[in-house]
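Here's the letter readout for the chains.
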2 protein chains.
Amino acid sequence: MLYLIGLGLGDAADITVKGLQAVKSCSRVYLEAYTSILTVGKEALEEYYGKELILADRDLVEQGADEILKDADVTDVAFLVVGDPFGATTHSDLVLRAVNAGIPYKVIHNASIMNAVGCCGLQLYNFGETVSVVFWTETWKPESFYDKICKNKAAGLHTLCLLDIKVKEQTIENMMRGKKIYEPPRYMTVSQAADQLIQIIDRRRKEGEELGESHLIYFHLIGSVGSLSVQQFSFRGLSRNTLRYVLTFTIFRGLRCNILRRKLLGCNLQGKIVFQYRKWLNRLEKYNSLSIKS
Amino acid sequence: MLYLIGLGLGDAADITVKGLQAVKSCSRVYLEAYTSILTVGKEALEEYYGKELILADRDLVEQGADEILKDADVTDVAFLVVGDPFGATTHSDLVLRAVNAGIPYKVIHNASIMNAVGCCGLQLYNFGETVSVVFWTETWKPESFYDKICKNKAAGLHTLCLLDIKVKEQTIENMMRGKKIYEPPRYMTVSQAADQLIQIIDRRRKEGEELGESHLIYFHLIGSVGSLSVQQFSFRGLSRNTLRYVLTFTIFRGLRCNILRRKLLGCNLQGKIVFQYRKWLNRLEKYNSLSIKS
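Residues numbered from 1 in each chain as written. Chains lettered and ligands numbered in written order. Predicted model: local features only at pLDDT ≥ 70, side-chain atom pairs only at ≥ 80, totals over all residues. Heavy atoms only, no water.

- The name given to chain A in an unreviewed UniProt entry is diphthine methyl ester synthase, with Amphiprion percula as the source organism.
- In UniProt, chain A has this text filed under Catalytic activity (unreviewed entry): "2-[(3S)-amino-3-carboxypropyl]-L-histidyl-[translation elongation factor 2] + 4 S-adenosyl-L-methionine = diphthine methyl ester-[translation elongation factor 2] + 4 S-adenosyl-L-homocysteine + 3 H(+)".
- Taken from UniProt, the Function (unreviewed entry) comment for chain A reads in full: "S-adenosyl-L-methionine-dependent methyltransferase that catalyzes four methylations of the modified target histidine residue in translation elongation factor 2 (EF-2), to form an intermediate called diphthine methyl ester. The four successive methylation reactions represent the second step of diphthamide biosynthesis." (UniProt positions renumbered as here; feature names shortened; annotations may be inferred.)

### Focus: the overall build of chain A
Here comes step 1: Per the secondary structure count, chain A includes 11 helices and 12 strands.
Here comes step 2: For chain A, the proportion of its 294 residues judged to be buried stands at 59%.
Here comes step 3: With the model as given, the accessible surface of chain A reaches about 12600 Å², and the carbon-plus-sulfur share is 50%. (Helix = DSSP H or I, 4+ residues; strand = E, 2+ residues; numbered from the N terminus. Buried < 20%, exposed > 50% of the residue type's maximum accessible area, 1.4 Å probe, protein only. Areas by Shrake-Rupley, 256 points an atom, 1.4 Å probe, with all protein chains shown as cover.)

### Quick notes on the sheet that holds strand β3 (residues 54-56) of chain B
All names here are of chain B.
Here comes step 1: Taken together, the 5 strands give an open sheet; going across it, the order is β3-β2-β4-β1-β5, and neighbouring strands pair in parallel fashion. With one partner strand each, in any of the chains shown, β3 and β5 (105-108) form the two edges of the open sheet. The average angle at which neighbouring strand axes cross in this sheet is 20°, direction not considered.
Here comes step 2: On top of the sheet, helix α1 (residues 17-25) reaches β1 (2-6), β2 (28-32), β4 (77-81) and β5; it is set at about 140° to β1, its chief contact. (Pairing = 2+ DSSP bridges. Axes fitted to C-alpha atoms, helices over the stretch in contact; angles between N-to-C directions. Contact = heavy atoms within 4.5 Å.)

### Quick look at helix α2 (residues 42-49) of chain A
An α-helical segment advances 3.6 residues per turn. Residues three or four places apart therefore align on the same side.
Residues and elements named next belong to chain A.
Here comes step 1: All buried positions along α2 are accounted for by L45, E46 and Y49. Looking down the long axis of α2, one finds its buried residues gathered within 100° of arc, a one-sided arrangement. Across α2 from its buried face, at more than 90 degrees, point the exposed residues E43 and E47.
Here comes step 2: Buried residues in α2 make contact with α1 (17-25), β2 (28-32) and β4 (77-81).
Here comes step 3: Where α2 ends, the next residue or the one after it, G50, has phi of about 70°, a positive value. (Arc of directions from axis to C-beta.)

### Brief notes about the sheet that holds strand β3 (residues 54-56) of chain A
Strand pairing in a sheet takes place through backbone hydrogen bonds and is either antiparallel or parallel in direction.
All names here are of chain A.
Here comes step 1: Read across the open sheet, the 5 strands follow the order β3-β2-β4-β1-β5; overall the sheet is parallel. Of all strands in the sheet, those with a lone pairing partner are β3 and β5 (105-108), marking the two edges. Looking at each pair of strands side by side, their axes are set apart by 20° on average, direction ignored.
Here comes step 2: In the packing of helix α5 (residues 92-100) onto the sheet, contacts are made with β1 (2-6), β4 and β5, and the angle to β1 comes to roughly 160°.

### Considerations on the pattern of salt bridges
Side-chain pairs of opposite charge can arise where the charged atoms are in close proximity.
Residue and element names in this part refer to chain A.
Here comes step 1: In this structure the tally under the stated criterion is 26 salt bridges over all chains.
Here comes step 2: Taking the shortest distance from any N to any O, the salt bridge between E46 and K42 comes out at 3.3 Å. Of the two residues, E46 and K42 both sit in helix α2, 4 residues apart, roughly one turn of that helix.
Here comes step 3: R203 is the salt-bridge partner of E207, the closest N and O atoms lying 2.6 Å from each other. (Salt bridge = Lys/Arg side-chain N within 4 Å of Asp/Glu carboxyl O.)

### Observations concerning the packing of aromatic side chains
All names here are of chain A.
Here comes step 1: A complete count under the given rule lists 2 aromatic pairs over all chains for this structure.
Here comes step 2: Between Y48 and Y49 the ring centres are 6.2 Å apart and the planes differ by 75°, which places this aromatic pair in the edge-to-face class.
Here comes step 3: Using a relative accessible area of 31% as the deciding quantity, one classes Y48 as partly exposed.
Here comes step 4: Owing to a relative accessible area of 1%, Y49 belongs among the buried residues under this scheme. (Phe/Tyr/Trp six-rings, centres within 6.5 Å; stacked < 30°, edge-to-face > 60°.)

### Some words on the pairing of strand β7 (residues 159-163) of chain B
All names here are of chain B.
Here comes step 1: Counting buried positions along β7 gives 5 out of 5 residues, so the element sits mostly inside the fold.
Here comes step 2: Every second residue of β7 is oriented toward a common face, with T159, C161 and L163 on one face and L160 and L162 on the other, all of them buried.
Here comes step 3: Both strand β6 (residues 131-133) and β7 contribute to a ladder of 3 bridges, which runs parallel. Along β7, the bridge assignment pairs V133 with L163.
Here comes step 4: Considered for its hand, the β-α-β crossover made up of β6, helix α7 (residues 144-154) and β7 is right-handed. (Right-handed = clockwise from strand over helix to strand, strands pointing away.)

### Overview of the environment of M176 of chain B
All names here are of chain B.
Here comes step 1: Within the fold, M176 resides in helix α8 (residues 172-176).
Here comes step 2: The class for M176 is exposed, based on a relative accessible area of 71%.
Here comes step 3: Taking the C-alpha atoms as reference points, M176 and A22, separated by 154 residues in sequence, lie 41 Å from one another.

### Quick look at the environment of P142 of chain A
Residue and element names in this part refer to chain A.
Here comes step 1: Take P142: it is sitting in the loop between β6 (131-133) and α7 (144-154).
Here comes step 2: In the structure, P142 is positioned 58 residues away from I200 in sequence and 9.5 Å away in space, judged by C-alpha atoms.
Here comes step 3: Setting aside residues up to four positions removed in sequence, P142 forms contacts with V134 and W136.

### Quick look at the side chain of R28 of chain A
All names here are of chain A.
Here comes step 1: Tracing the chain through its elements places R28 in strand β2.
Here comes step 2: For the buried R28, no salt bridge exists, and the shortest N-O distance to an oppositely charged side chain is 4.8 Å, to D71.
Here comes step 3: At 3.0 Å, the side chain of R28 forms a polar contact with the side chain of Y30.
Here comes step 4: Apart from the residues lying within four places of it in its own chain, the contact partners of R28 are I54, E67, I68, L69, K70, D76, V77 and A78. (Lys, Arg positive; Asp, Glu negative; His and termini not counted. Polar contact = N/O pair within 3.5 Å; in protein donor to acceptor, adjacent residues only side chain to side chain.)

### Topic: the confidence of the model for chain A
All names here are of chain A.
Here comes step 1: Here chain A averages 70 in pLDDT, while 67% of its residues score no lower than 70.
Here comes step 2: Element-level pLDDT for chain A is lowest in helix α11 (residues 274-282), with a mean of 25, against a maximum mean of 96 in α1.
Here comes step 3: Scored below 50 in pLDDT, residues 220-294 makes 208 contacts in the model with residues more than four places away or belonging to other chains.
Here comes step 4: Across the whole predicted complex the pTM is 0.77, and at the interface the ipTM reaches 0.75. (pLDDT = per-residue confidence, 0-100.)

Structural data, given as structure tokens:
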């Protein structure tokens, strides 16, 4: 049996009871380690689960699936994924391979940033297409994420932006030379995402494009008890100065999310800015006509 | 401390280890029982948790929040929600009340249908606005969910449809007379949702509206190991005959989801229709030009 087990978003204890039982029953346990990370490292998980974990990087999952599935028809193998196993589509392939090889599998779901983002107070129903903000390079600066945000905004929908993560990536040079030398891991921060966003806005403004107003809400941390922190910034007012302020924050790298909202909806669930939070709920029923100004 | 704890989507063991620890530490444990239900009943949860549970219906949560929060500043109180605590927005209000009363709170996330639906193989990123399909009455037959589906389709996005659930609802007559007499609980089935959908399509077709092709995928069960079942139907071909076939199935009431897709994407993760699943993955990279015909 192949178990695909979600680990949730916080630490080792965020696994489900069912998931933990499955992990303990398995002869091999893989930890997917390239689409997301937990607040705790591999060692902490190993201690908590009482099991040795095998790190599964992109190479192993995408090219060495046979190794993961080896003997899974006669023994139990677990594949652990931060969040939910199907948050990242890449794992569907592993399921297909298992099915094709006649290996039964079970999915044990858990929280994903795709649903846990609801803790900010924005209604999950009102999110449009989720976007990924990728690291720009010198020669590749895609702006499609901004267009998708605008499309969502036009439909009155929020956008969840997932920030890029680069783990065990090769330079093009090393890849072409076949050298298995990997760059240090990189996790996009909110400030980096905001900087890319500002560059797009600046460029389009110069071209005379009419830019609407929106607001950026970002999370410091989700899913780890007591650490949620929400800040929001007006898009129109998102200047270099504001950016400098944003730069002093770093989104927690493994969770990587921020929200862009068409209207200011300040909320801080830790109660630090309760007046804003109260304001928000007062206006919850008047959602569509909501127009709070900073 | 007020704990808001997600129970996930399956049975008692789908609570997280962290959630279970919190439940065991609490002096009072409420089980929210009107926005969703688990595959197991209250008694099974009580036995598993080793705790007596207090059923929290809509009345208690929306009007008796003070009772739930009573003494939560000096003792620990848990509020259990099927899925994730913030899947249903109504619980934000409880959080606000806690914050206003100076009661600290913690959220322990879990899987929600909003992310677990990814197990069907459709990329979560490509879902548009989620819609609710509500029970029609003699005099109230809203069609807005159909328009939202069309809007999503036009943008190339999937739609997750949450099917209505009516628990402890009063008739208008009883409500006006102030009689606390409640109707038997009702959970919308896929066939009921499909029937409402067909009525809309029929009506609009008669009015000469051009209707595109779409496909309905529905789940029998998500989150409970080994019970996932996916079927799909062409929308254009969704006739009364097909409907009769759909009628032989009943979506698992507590989880209530189906997916409408602009293109046929057959997949059955239990491997029963593997050829379709394989087809799909072959075409994963050609996603945008995907055009499989039934």
